[in-house]
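An overview of the molecular structure
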There are 2 protein chains.
Amino acid sequence: MKPMQVLLLALLGILTCVAQTRTPVPAAPAQRTPAPSSPPVTDEAQIRELYDNWAKAFRAHDVEGIMAVYAPGKTLVAYDVVPPLQYVGREAYRKDYEEFLAQYQGPIEVEYRDLRIIADDRVAFVHALERMSGTLKNGQKLDFWLRATSGLQKIHSKWLIVHDHISVPANFETGKAVLDLKP
Amino acid sequence: MKPMQVLLLALLGILTCVAQTRTPVPAAPAQRTPAPSSPPVTDEAQIRELYDNWAKAFRAHDVEGIMAVYAPGKTLVAYDVVPPLQYVGREAYRKDYEEFLAQYQGPIEVEYRDLRIIADDRVAFVHALERMSGTLKNGQKLDFWLRATSGLQKIHSKWLIVHDHISVPANFETGKAVLDLKP
């Protein structure tokens, strides 16, 4: 689902406290003349931008924008917070998003906590705790924390998500999904 | 080629037969002269071996063997199928394993389905559907499918898991964790 989606809005706010494994992107220098060449954008910065784009699209119920961060065809395999066990392929996951978004009225807010990006040149993964809050069409307000993990590959020089895993913990004694946890 | 080398090559062939995203290791060529050196073991093969080692240790309730596949200290962050939202650090996750294993009598069987390994030189992730079956100490038999995702880093030339995400889906209408799904 969707939960995964959550990632980005908050990203902007938490960029400075995110756990990183590489050097942070330097702030853009204030200058009057155009730079002769732009500094190289790190893989982490590109991945953060991808998550930012996702969050903006998610907040706006923009399914095309959401799907722009995902790999094509059957490359994409997602484990969403809701059944089934897995969504194989882009079209199945898009349908999952559409069904999720259709339940909500207005924007769906996303907040990240403890986000970590670990990237090599062509393979990366990201994980974060993710707060999702919004209002269902029946008026009920939902506000809960998920766990989100994504696997990414650089495909034709562009980072894309090939795997999502979104969940809440389960209590095996009661059989309940646990939706009231806070980090 | 020495019998031992042939055996090793055959083993490699078997290991790499499983779901892979890179080129499989070629089958051992039939040749009369001894190979000058053993072929390199692929990152996927090393990661697959790590997963197999984990399953053997898990089956045997061998906590030391289980923890041997994980990164040291606070590098390890795990989202387990049970609360809390996250386990930060190796010691917290070890305790989680000890508590889980203490509930079972006899071996706990693990079966993987649709396992995929995506690896670069220093960063990798793995995901699979995972069937877990065993008998609780009160005699109750459990047999259910999980979703498992791991993020790995090559640390001092050795692949180690730095992130686990284990879950079952949740039904938001009933509030239940969904334990009866099959792939």
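This text follows the structure it describes.
Residues numbered from 1 in each chain as written. Chains lettered and ligands numbered in written order. Predicted model: local features only at pLDDT ≥ 70, side-chain atom pairs only at ≥ 80, totals over all residues. Heavy atoms only, no water.

**Describing the pattern of salt bridges**
Scanning the model with the defined rule gives 19 salt bridges over all chains in all. The residue Lys154(A) makes a salt bridge to Asp43(A) at a minimum N-O spacing of 2.9 Å. Taken together, the positions of Lys154(A) in strand β6 (residues 141-155) and Asp43(A) in helix α2 (residues 43-59) put the pair 111 residues apart, joining distant regions of the chain. The partly exposed category is assigned to Lys154(A), whose relative accessible area is 28%. A salt bridge links Arg94(B) to Glu91(B), with the nearest nitrogen and oxygen atoms 3.6 Å apart. Placement of both Arg94(B) and Glu91(B) in helix α4 (residues 90-102) is noted, with a separation of 3 residues, approximately one turn of the helix. Of the residues examined, Arg94(B) reaches a relative accessible area of 16% and is grouped as buried. By relative accessible area, which is 52% here, Glu91(B) ends up exposed. (Salt bridge = Lys/Arg side-chain N within 4 Å of Asp/Glu carboxyl O. Helix = DSSP H or I, 4+ residues; strand = E, 2+ residues; numbered from the N terminus. Buried < 20%, exposed > 50% of the residue type's maximum accessible area, 1.4 Å probe, protein only.)

**Topic: the sheet that holds strand β4 (residues 123-136) of chain B**
All names here are of chain B. The mixed open sheet is built from 6 strands, whose spatial order is β2-β1-β6-β5-β4-β3. Of all the strands in the sheet, just β2 (87-88) and β3 (104-119) have a single pairing partner and so form its edges. Examined bridge by bridge, strand β1 (residues 77-79) and strand β6 (residues 158-167) share 3 bridges and lie parallel to one another. Within β6, the residue paired with Tyr-79 across the bridge is His-165. Its contacts with the sheet put helix α2 (residues 43-59) on β3, β4, β5 (141-155) and β6, and the angle it makes with β3 is roughly 165°. (Pairing = 2+ DSSP bridges. Contact = heavy atoms within 4.5 Å. Axes fitted to C-alpha atoms, helices over the stretch in contact; angles between N-to-C directions.)

**Some thoughts on unusual backbone geometry**
Residue and element names in this part refer to chain A. In this model, Pro-83 is joined to Pro-84 through a cis peptide bond whose omega is 5°. With respect to the element layout, Pro-84 can be found in the loop between β2 (77-79) and β3 (87-88). A positive phi angle, near 60°, is found at His-61, a position not held by glycine. Structurally, His-61 is set in the loop between α2 and α3 (63-67).

**Some words on the interface of chain A and chain B**
For interface size, the figure often reported is the accessible area lost on association. Listed per partner, the contact involves 50 residues of chain A and 50 residues of chain B. Summed over both sides, the interface of chain A with chain B buries roughly 4000 Å², with 63% coming from carbon and sulfur. Its largest share of buried area at the contact with chain B, chain A owes to Leu85(A), Arg147(A) and Phe172(A), together 18% of the area lost on that side. As a salt-bridge pair, Asp120(A) and Arg122(B) come within 2.5 Å of each other at their nearest N and O atoms. Between chain A and chain B we count 30 residue pairs in polar contact (both at pLDDT 80 or more) in total. Of all elements in the fold, only β2, β4 (104-119), β5 (123-136), β6, β7 (158-167) and β9 (176-177) of chain A reach the threshold of two or more residues within the side of chain A that touches chain B. With 8 residues, β6(A) is the largest single contributor of residues to the side of chain A that touches chain B. Residue composition of the side of chain A that touches chain B, grouped by class: 29 nonpolar, 11 polar and 10 charged. (Buried area = accessible area lost by both parts, 1.4 Å probe. Polar contact = N/O pair within 3.5 Å; in protein donor to acceptor, adjacent residues only side chain to side chain. Nonpolar A, V, L, I, M, F, W, Y, C, P; charged D, E, K, R; others polar.)

Without other data, these values stay purely geometric and don't point to any function.
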